[in-house]
Amino acid sequence: MAIFTNQATLSYRDTVVNSNIVTGEIVDSLSITKNPLTSTYSYNEVVTYVINITNSGTVPLTSLTLTDDLGQYTFGAGTVTPLTYVPDTLNYYVGGTLQPTPTVTAGPPLSVSGLSVPAGGNALLIYQARVNEFAPIAAGSTVTNTATVTGANPQRSASDSATITVVSEPELSITKGISPAVINEDGELTYTFTVRNYGNTALVATDDAVITDTFDPILSITSVTYNGAAWSEGAQYNYNQATGAFATLPGQITVAAATYVQDANTGAWSVIPGEAVVTVTGTI
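Scope of this entry: the structure provided in the associated data block. (Residues numbered from 1 in each chain as written. Predicted model: local features only at pLDDT ≥ 70, side-chain atom pairs only at ≥ 80, totals over all residues. Heavy atoms only, no water.)

### With respect to the sheet that holds strand β17 (residues 172–179)
Using the following cut-off: A pair of strands is treated as paired once DSSP finds two or more bridges between them. Numbered from the N terminus, helices here are DSSP runs of H or I no shorter than four residues, and strands are runs of E no shorter than two.
Within the open sheet, the five strands sit side by side as β17-β18-β26-β20-β21. Their pairing is antiparallel. Among the strands making up the open sheet, the edge pair consists of β17 and β21 (229–230).

### Some details on the environment of Thr97
Using the following cut-off: Partly exposed describes any residue whose relative accessible area lies between the buried limit of under 20% and the exposed limit of over 50%, with all areas from a 1.4 Å probe on protein chains only and scaled to the type maximum.
With respect to the secondary-structure elements, Thr97 resides in strand β11 (residues 97–98). For Thr97, a relative accessible area of 46% gives the class partly exposed. Counting along the chain gives 27 residues from Thr97 to Leu124, while the straight-line C-alpha distance between them is 9.4 Å.

### Focus on the side chain of Thr190
Just so we agree on the cut-off: Polar contacts, as used here, are pairs of N or O atoms within 3.5 Å; protein pairs need one atom able to donate a hydrogen and one able to accept it. Residues neighboring in sequence count only if both atoms are side-chain atoms. Residues are treated as being in contact if the distance between any of their heavy atoms lies within 4.5 Å.
Here Thr190 lies in strand β18 (residues 188–197). A polar side-chain atom of Thr190 sits 2.9 Å from a polar atom in the side chain of Thr281. Not counting residues within four places of it along the chain, the set of residues in contact with Thr190 comprises Gly177, Ile178, Ser179, Thr279, Val280 and Thr281.

### Things to note about the layout of surface pockets
The cut-off we apply is this: Cavities and pockets are defined on a 1 Å grid built over the protein atoms alone: a cavity is a set of grid points where a 1.4 Å probe fits but cannot escape, while a pocket is an open set with protein on both sides within 12 Å along at least five of seven lines, and lining residues are those with an atom within 4 Å of any such point. Grid points are joined across faces, edges and corners, and a volume is the space filled by probe spheres set on the points. Just so you know the grouping, Ala, Val, Leu, Ile, Met, Phe, Trp, Tyr, Cys and Pro go in nonpolar, Asp, Glu, Lys and Arg go in charged, and all remaining residues, Gly too, go in polar.
Its volume calculated, the largest pocket comes out at about 300 Å³. When the residues that make up the lining of the largest pocket are grouped by side-chain class, the tally is ten nonpolar, four polar and three charged.

### Side note on unusual backbone geometry
Residue Pro108 follows Gly107 across a cis peptide bond; omega there is 15 degrees. As for its position among the elements, Pro108 is in the loop between β12 (103–105) and β13 (110–117). Of note, Asn44 is a non-glycine position whose phi angle comes to about 75 degrees, a positive value. As for its position among the elements, Asn44 is in the loop between β4 (40–41) and β5 (46–55). The phi dihedral of Asp88 is positive, around 65 degrees, even though this residue is not glycine. Turning to its location among the elements, Asp88 is positioned in the loop between β9 (83–85) and β10 (91–94).

In structure tokens:
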């Protein structure tokens, strides 16, 4: 949209008379809206974007090109791009009818050329991008990417941006270790349960995390520790000596949020997970 003003001048003899000033408005015939199907993201997640290109004018718009910066941002002396176009995911509709796939260059930036929008009509583009190692993942982080459509027949340009926010929650994994792997009958055995949190939010007591296991062969437990501190049966865990069923009690396991470090040279983020360790030692 653009506002313009205009004034006329009347000259006669040695006199100049100005007219009133008139004001007009030029409404852009080409517009674009960009929307993600989800408002949040996490590392390696695929995000679907929907772009609607509208032509409110009376002439068709042809030879349009859409570019998407895929969230590119400045880092150091260069730039990094937190989204990666997923190949072969672009669908192009005109008036609700699926069209042959236009020319797509993955980039970055993503470029889609050869688009057309009929007079008084619209075109819809749907495609996916994957969140990569350049996307910030600390709590509160966002990724904003901007799509721009341009054309020369006639000359037109329009842009819109979309912002997604990183998911703020624990992201846990558990691994189980055994020592020794080869044991004599009636020997002592230790199981180690390591819980790692790759998320940007701590696992807290009210999350009620519980580890369960059934030891086979049945273990005669001599000690249970949590991050090196002794645990007591009935207070922090329960154990059924007859069946070998072991379970920690809700609220006993907490794990700090992960720490995120951005490489000073590449701009890639790495994750140092929070960690909690439960060990169970006994004889078989």
